[in-house]
Amino acid sequence: MPSPSRRTVLATGSALGGALLASGLPTPATAADRAERAADSADPWRTVLDDADLVWQRMPTTWYDGPFLGNGYLGSGIYAEPGAASTAVRFNVQHSEVQDHRPEFGSLFGLARLPIGHFTLEPVGAITGLGWRLSLHDAELTGTLTTDRGTLTLRALVHNDRSILAVEVTPSEGERGFRWVFHPAEAISPRAAFKPLPDGYRGNPPAETADHDGVRAAVQPLLAGGQHVTAWRERTRGLTRTLYVHVAHSYPKDTALEQALKAVRAVDRLPYAALAATHRTWWHAYYRKSFLSLPDARIQRFYWIQLYKAAAAARRDAPVMATSGPWLEPTPWPNTWWNLNAQLEYWLIHGSNHLELDAVTRALSEFRDNLAKEVAAQYRTDSLGIPRTTDPHLVNGAAGTLTGYGVGIPGQDPPTPEVGNLTWALHNVWLSYRHTMDESILRDVLYPLLRKAVDYYLHFLEPGPDGRLHLPATFSPEYGGNTRDCNYDLMLLTWGCRTLLESAGLLGIDDPLAPRWREVLARRVAYPTDANGFMIGADIPFAKSHRHYSHLLAVYPLYEVTGRTSDERVLIEKSLAHWVGFEGALQGYTFTGAASMSALLGKGEDALKYLGELMTRFIQPNTMYKESGPVIETPLSAAQSLHDMVCQSWGGVVRVFPALPAAWADLTVHDFRTQGAFLLSAVRRGGTTRWVRLVSEAGAPCAVRHGIAGPVDVRDGQGRPLRYTEAGDGIVQVDLAKGESALITAKGDRPDLTVAPVRPNEEAPRWGLPLT
């Protein structure tokens, strides 16, 4: 990558530094930190990340406004102790692997994630103020807690590799007597605070806390067998005291205690700075996999916080994110949801070039045998399904609607026959394949699983009097009521058959089911529509406020209906307006979906309007989200909506800056990952795209709508002309082998190829709880 312009980045960095000092926000904690930050002042990543840091000058009081730390497994949310805001700060300790193991009570109770507990930091005096900063770059909370007896200077992280919560506190003279206290939580499903308990269900017995040669441990036994254990030790070095915490879970064996003690003893002699050094190495490399800067300061900061949040909540080998991520709280959603949430949580990993976070592909592959058990016994030989909710092993265990719906049988009710969730989840796997062109994903995961997901539908398709193939009644999340020819299922079935045929061709498979897939595509009934656009299904019009776009999946994210004809475009516009026109049940992800559909139509102003509605109405001070309880999919999907405004690559064409509002006259993107396994870099200045570069990782066909007006030059990585073909509609086709690149500019132009932040159009408040 060309070196950034030192003048541009230093000017931006100096302005940022001055703003931080003038506002009184927390500055780096040590001289070494300050020196490192000064050395990094010419670094575009450091510039945008420092600008995006969340700050607190008021005490956070809930999950929705406090700092949060995590590594995909261990998570800690930090805010005032409820009922004791002036005397204690809560550091939650939760873990994505800690769950119950009683499938007879279903995924919402018997297999639910279990709360672990929290530490309270209890000063000597009453808390009178604070100045905290969550550094995205370092994934670390730093700052000062002020009391009427002195100050507590703290640094905290959840170590990326060691899964240790480390909190270093340096007290002033009057605060040397501060203390840490651990409070075990009741090991009961968090849904118990919202819904009645199933008959026979009870919470697990209380945790037992004891000392183990200087390491304290709270052992939580489980009625089903196994345990989870929180172990901790505090070390004193001079005036500084450091708390080290680890959580382990074991089932069915009681081995978690040994694991937790070993983990704490392995690190408790390491100074905090030593832990921070290795922790930062991972995070610094993580961010440099892509870059995005745009002139809306509030949205740019929000975007980089979502990249931080995604890596704090997800890893390929970690459980698929539950609806609150690793930061568990009382919630009606104590497990993984598959009728929208899981899909939306992971979309941003593709464009941002973070496939190392893809737990969906890994989990569907690893636990595929459990997917057969989720369909009725008579279909298990050739079919798979995933219910609305599961635990991390894709087990539902539902015995009734109170404990969680299973995969229903089309045409039968009860249970509600929500059939398409696995097919939709496999669309995420398809995206991972398309963005990497890794044939093993296609061959070993997508094709065999999608084949059986579609097979389940094929059992129920039947010809009608019109000669078309129809589906019996199924359910469209989350509208209510079962309907024949449900658009949710017809759209997913259509995408599934088309993708299976394409995949079989790529893999060289002569599949005996291919004729049936072609028949489905040729004969399936048209998507039900009326004067208002897409219906829920043949029996149910869209006639009430509805947060979910389950009836619009063919538009987004499947891109089966894209507006390629004027009639199709009118249908999309009409359906979108009708959907969002009903107030009452609209939620945050309504507006992220509407933003992405607007981006598909090239309507950047509308997309920005919908994101603005989201920010104003739903996003919380720390960028979390609330829907009857803590949930995280919507802010993460908003990052994908931003991606859709900046780049789209469906249908074999990379579209550069397809839906930017006029206010975004300047924009920089670097190493944005597209379908076809291309890394896109592009710069827009003064409302004009100056250059576009694509690097091919797989040698796939390259077609790009570059957005540069008039004749263009296309050159390779050494500046030599490349042959290209004009394909119409502003698209050029270039033959690129694996590892080759193409640079597209206006003919005769030699623009500056610097990748650097753009200047914001206006000032904007920081996320967190600043004073102003």
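Residues numbered from 1 in each chain as written. Predicted model: local features only at pLDDT ≥ 70, side-chain atom pairs only at ≥ 80, totals over all residues. Heavy atoms only, no water.

**Side note on the overall build of the protein**
Part 1 of the argument: The secondary structure content of the protein amounts to 19 helices and 36 strands.
Part 2 of the argument: Relative to the 2.2 N^0.38 estimate, which gives 28 Å for 772 residues, the radius of gyration of the protein is 26 Å and therefore close to what a compact globule would have.
Part 3 of the argument: Here the C-alpha coordinates of the protein stretch approximately 80 × 75 × 45 Å along the principal axes.
Part 4 of the argument: Counting all 772 residues of the protein, 63% fall into the buried class.
Part 5 of the argument: Counting only contacts in the protein whose residues sit at least 6 apart along the sequence, the fraction spanning at least 24 positions is 68%.
Part 6 of the argument: Taken together, the 75 basic and 81 acidic charged side chains of the protein have centroids lying 3 Å from each other. (Helix = DSSP H or I, 4+ residues; strand = E, 2+ residues; numbered from the N terminus. Rg over C-alpha atoms; globule rule 2.2 N^0.38 Å. Buried < 20%, exposed > 50% of the residue type's maximum accessible area, 1.4 Å probe, protein only. Contact = heavy atoms within 4.5 Å. Lys, Arg positive; Asp, Glu negative; His and termini not counted. Charge placed at Lys NZ, Arg CZ, Asp CG, Glu CD.)

**Here we look at empty space enclosed by the protein**
Part 1 of the argument: Across all of its chains, the model carries 7 cavities of 30 Å³ or more by this definition.
Part 2 of the argument: There is about 90 Å³ of room inside the second largest cavity.
Part 3 of the argument: In terms of lining residues, the second largest cavity is bounded by W333, W337, L340, N341, E478, R547, Y589, E627, V631 and E633.
Part 4 of the argument: For the lining of the second largest cavity, the per-class residue count stands at 5 nonpolar, 1 polar and 4 charged. (1 Å grid on protein atoms, 1.4 Å probe; cavity = no way out; pocket = protein on both sides within 12 Å on 5 of 7 lines; lining within 4 Å. Points joined across faces, edges and corners; volume = space filled by probe spheres on them. Nonpolar A, V, L, I, M, F, W, Y, C, P; charged D, E, K, R; others polar.)

**A closer look at the nonpolar core**
Part 1 of the argument: Ranked by size, the top nonpolar core spans 219 residues in total, and within it W132, W304, Y308 and L364 carry the most contacts.
Part 2 of the argument: Take this core: its biggest share by element is 12 residues, from helix α13 (residues 439-458).
Part 3 of the argument: In contact with W304, other than residues within four places in its own chain, are W45, V48, L49, A52, L136, Y287, S290, F291 and L292.
Part 4 of the argument: Of all hydrophobic cores here, the second largest spans 10 residues; its members include A217, A231, A256 and V264. (Core = buried A, V, L, I, M, F, W, Y, C linked by side-chain atoms within 4.5 Å.)

**A short note on helix α10 (residues 359-366)**
Part 1 of the argument: Extensive coverage of α10 is indicated by the burial of 6 of its 8 residues.
Part 2 of the argument: The complete set of buried residues in α10 reads A359, V360, T361, R362, A363 and L364.
Part 3 of the argument: On its buried side, α10 packs onto α8 (341-346), α11 (368-372), α12 (421-436) and α13.
Part 4 of the argument: Put simply, D358 is the residue that caps the front of α10, since its side-chain oxygen is 3.3 Å from the backbone nitrogen of V360. (Polar contact = N/O pair within 3.5 Å; in protein donor to acceptor, adjacent residues only side chain to side chain.)

**A short note on the pattern of salt bridges**
Part 1 of the argument: For the coordinates displayed, the defined rule picks out 38 salt bridges.
Part 2 of the argument: In this structure, E140 engages R155 in a salt bridge whose closest nitrogen and oxygen atoms are separated by 3.6 Å. Placement of the pair is E140 in strand β7 (residues 140-147) and R155 in strand β8 (residues 150-158), with a sequence separation of 15 residues. In this pair, the class of E140 matches that of R155, namely buried.
Part 3 of the argument: Here D749 and R690 are joined by a salt bridge, their closest N and O atoms 3.0 Å apart. Taken together, the residues span a long stretch of sequence, with D749 in the loop between β35 (741-746) and β36 (768-769) and R690 in strand β30 (residues 688-696) at a distance of 59 residues.
Part 4 of the argument: A relative accessible area of 29% means that R690 is categorised as partly exposed. (Salt bridge = Lys/Arg side-chain N within 4 Å of Asp/Glu carboxyl O.)

**Concerning the sheet that holds β35**
Part 1 of the argument: Taking strand neighbours across the sheet as the criterion, the 6 strands line up as β15-β28-β29-β30-β35-β32 in an open arrangement whose pairing is antiparallel. Either end of the sheet is taken by a strand with one partner, and the two such strands are β15 (291-293) and β32 (712-715). Strand-to-strand twist across the sheet, computed as the mean angle between neighbouring axes with direction ignored, equals 20°.
Part 2 of the argument: As paired elements, strand β28 (residues 667-674) and strand β29 (residues 678-685) share 6 bridges and run antiparallel to each other. Residue pairing in the sheet places L667 in a bridge with R684 of β29. (Pairing = 2+ DSSP bridges. Axes fitted to C-alpha atoms, helices over the stretch in contact; angles between N-to-C directions.)

**Here we look at the sheet that holds strand β6 (residues 127-135)**
Part 1 of the argument: Pairing within the open sheet is mixed, and its 10 strands lie in the order β11-β12-β13-β14-β9-β8-β7-β6-β1-β36. On the outer flanks of this sheet lie β11 (208-212) and β36, each paired with one strand and no other.
Part 2 of the argument: In terms of strand pairing, strand β13 (residues 227-237) meets strand β14 (residues 240-250) through 11 bridges, oriented antiparallel. Note on β14: the bridge partner recorded for W232 is V245.
Part 3 of the argument: This element, helix α5 (residues 256-265), spans β11, β12 (215-221), β13 and β14 of the sheet and lies at about 150° to β14.

**Describing the packing of aromatic side chains**
Part 1 of the argument: This model, assessed by the stated rule, comprises 39 aromatic pairs.
Part 2 of the argument: On the basis of an interplanar angle of 55° and a centroid distance of 6.3 Å, the ring pair of Y287 and W304 is categorised as tilted. Placement of Y287 in helix α6 (residues 272-287) and of W304 in helix α7 (residues 297-313) is noted, with a sequence separation of 17 residues between them. An identical accessibility class is assigned to Y287 and W304; each is buried.
Part 3 of the argument: Their ring planes at 35° and their centres at 5.9 Å tell us that F591 and F618 sit as a pair that is tilted. Here the residue F591 occupies a position in helix α17 (residues 588-600), and F618 occupies one in the loop between α18 (604-617) and β24 (625-626), the gap between them amounting to 27 residues.
Part 4 of the argument: We classify F591 as buried; its relative accessible area is 3%. (Phe/Tyr/Trp six-rings, centres within 6.5 Å; stacked < 30°, edge-to-face > 60°.)

**Description of the packing of α10 against α12**
Part 1 of the argument: Relative orientation of the contacting elements α10 and α12 amounts to 120°, with a least axis distance of 9 Å. As the angle between them shows, α10 and α12 are arranged oblique. In this structure, the crossing between α10 and α12 has a hand that is left-handed. Contacts between α10 and α12 involve V360, T361 and L364 from the first element and L422, A425, L426, N428, V429 and S432 from the second.
Part 2 of the argument: Of the residues belonging to the contact of α10 with α12, the class tally is 6 nonpolar, 3 polar and no charged. (Parallel < 35°, antiparallel > 145°, perpendicular 65-115°, else oblique. Left-handed = near helix turned anticlockwise from the far one by under 90°.)

**Some words on the confidence of the model for the protein**
Part 1 of the argument: Counting all residues, the mean pLDDT for the protein is 93, and 94% of those residues have values of 70 or more.
Part 2 of the argument: A low-confidence stretch, residues 1-29 stays under pLDDT 50, and its non-local contacts, those more than four residues away or across chains, total 47 contacts.
Part 3 of the argument: With pLDDT under 50 throughout, residues 34-41 is counted as low confidence; its partners more than four residues away or in other chains account for 15 contacts. (pLDDT = per-residue confidence, 0-100.)

**Details of the pairing of strand β34 (residues 731-734)**
Part 1 of the argument: In this sheet, β34 lies alongside strand β31 (residues 702-705) in antiparallel orientation, the contact comprising 4 bridges. Bridging across to β34, A703 finds its partner in Q733.
Part 2 of the argument: Relative to β34, strand β33 (residues 724-728) runs antiparallel, the two being bridged by 4 bridges. Within β34, the position partnered with E726 by the bridge is V732.
Part 3 of the argument: Taking the residues between adjacent antiparallel strands as the criterion, β33 and β34 are bridged by 2 residues, where D729 takes a positive phi near 60°.

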